[in-house]
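Each chain, written out:
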Amino acid sequence: MARRLPLTKLHIIKRLQWARNHMSYDDKWMSVLFSDEKKWNLNGLDGNIKCRHDLQKEPSSFLSRQSGGGSVMVWTAFGFNGKVGLAFLDGRQNSPKYIEILENHLMPFAENIGGRNWEYQHDDAPIHTSNATKNYLNSKFLLFLIGHR
């Protein structure tokens, strides 16, 4: 397996441009909130699992759980002044569910650390870049930044 991320030239250019645009933030970084979500599966990765084995030896066996064994997905955000508690996410995520997470978890935290004087950074997942999510964030008078995965 490759030991580095498969970055394209466009990824590299965008990341470098983002870093250069934000080099002069200095104390402004104290008002930036970052968020992300992570999924853990009990039985390995989603989708097909491939493995290699020595054809001159007996194949190894492994246990599997019925229906894949389940998973858990969490979301959180953090900034200079602290972190949001984990939000446990149910089912497949979409824009309305993401907006609900922002409303119930991010907004109370953000208001406690400085009202509306902050910026929100999340990646370019489709639920983050949807018109519904952008409209929600704009309605809250928030400046939001979209990083690249």
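In this text the structure is predicted, and so the values were computed from the model without any measurement.

### Looking at the nonpolar core
In summary, soluble globular proteins display a tendency toward joint burial of nonpolar side chains.
In step 1: Membership of the largest hydrophobic core comes to 19 residues, with the highest contact counts inside it found for Leu33, Trp75, Leu102, Leu106, Trp118 and Tyr120.
In step 2: Contributing elements (two or more residues each) for this core: strand S2 (71-79), strand S4 (87-89), helix H2 (95-114) and helix H4 (131-139).
In step 3: Examining the composition of this core, we find that eight residues originate from one element, H2, more than from any other.

### A short note on the layout of surface pockets
In step 1: Counted as a void, the largest pocket has a volume near 530 Å³.
In step 2: What lines the largest pocket is a set of 20 residues, among which Glu37, Lys39, Met73, Gln93 and Ile127 lie closest to the centre.
In step 3: Those elements giving two or more residues to the lining of the largest pocket turn out to be strand S1 (32-41), S2, H2 and helix H3 (126-129).
In step 4: Considering each element in turn, the lining of the largest pocket owes the most residues, four residues, to S2.
In step 5: By residue class, the composition of the lining of the largest pocket is nine nonpolar, four polar and seven charged.

### Regarding the packing of aromatic side chains
In step 1: For the coordinates displayed, the defined rule picks out four aromatic pairs.
In step 2: Ring centres of Trp29 and Phe34 lie 6.1 Å apart, and the angle between their planes is 15°; on these two criteria the pair is classed as stacked.
In step 3: In this structure Trp29 comes out as partly exposed when scored by relative accessible area, which is 28%.
In step 4: Relative accessible area serves as the criterion here: at 25%, Phe34 is assigned to the partly exposed category.

### With respect to the environment of Phe78
In step 1: Secondary-structure assignment places Phe78 in strand S2.
In step 2: Given a relative accessible area of 46%, Phe78 falls into the partly exposed group.
In step 3: On a C-alpha basis, the gap between Phe78 and Leu33 in space is 5.5 Å, while along the polypeptide they are 45 residues apart.
In step 4: Setting aside its immediate chain neighbours within four residues, Phe78 contacts Val32, Leu33, Phe34 and Lys83.

### So, the environment of Glu103
In step 1: As for its position among the elements, Glu103 is in helix H2.
In step 2: With a relative accessible area of 34%, Glu103 lands in the partly exposed category.
In step 3: Non-local contacts of Glu103, meaning those with residues more than four positions away in its chain, are made with Pro108, Tyr136 and Lys140.
In step 4: In this structure the side chain of Glu103 is engaged in a polar contact, spanning 2.4 Å, whose partner is the side chain of Tyr136.

What counts, and at which threshold
- Residues numbered from 1 in each chain as written.
- Predicted model: local features only at pLDDT ≥ 70, side-chain atom pairs only at ≥ 80, totals over all residues.
- Heavy atoms only, no water.
- Core = buried A, V, L, I, M, F, W, Y, C linked by side-chain atoms within 4.5 Å.
- Buried < 20%, exposed > 50% of the residue type's maximum accessible area, 1.4 Å probe, protein only.
- Helix = DSSP H or I, 4+ residues; strand = E, 2+ residues; numbered from the N terminus.
- 1 Å grid on protein atoms, 1.4 Å probe; cavity = no way out; pocket = protein on both sides within 12 Å on 5 of 7 lines; lining within 4 Å.
- Points joined across faces, edges and corners; volume = space filled by probe spheres on them.
- Nonpolar A, V, L, I, M, F, W, Y, C, P; charged D, E, K, R; others polar.
- Phe/Tyr/Trp six-rings, centres within 6.5 Å; stacked < 30°, edge-to-face > 60°.
- Contact = heavy atoms within 4.5 Å.
- Polar contact = N/O pair within 3.5 Å; in protein donor to acceptor, adjacent residues only side chain to side chain.

Note that all results are geometric; they support no functional claim without further evidence.
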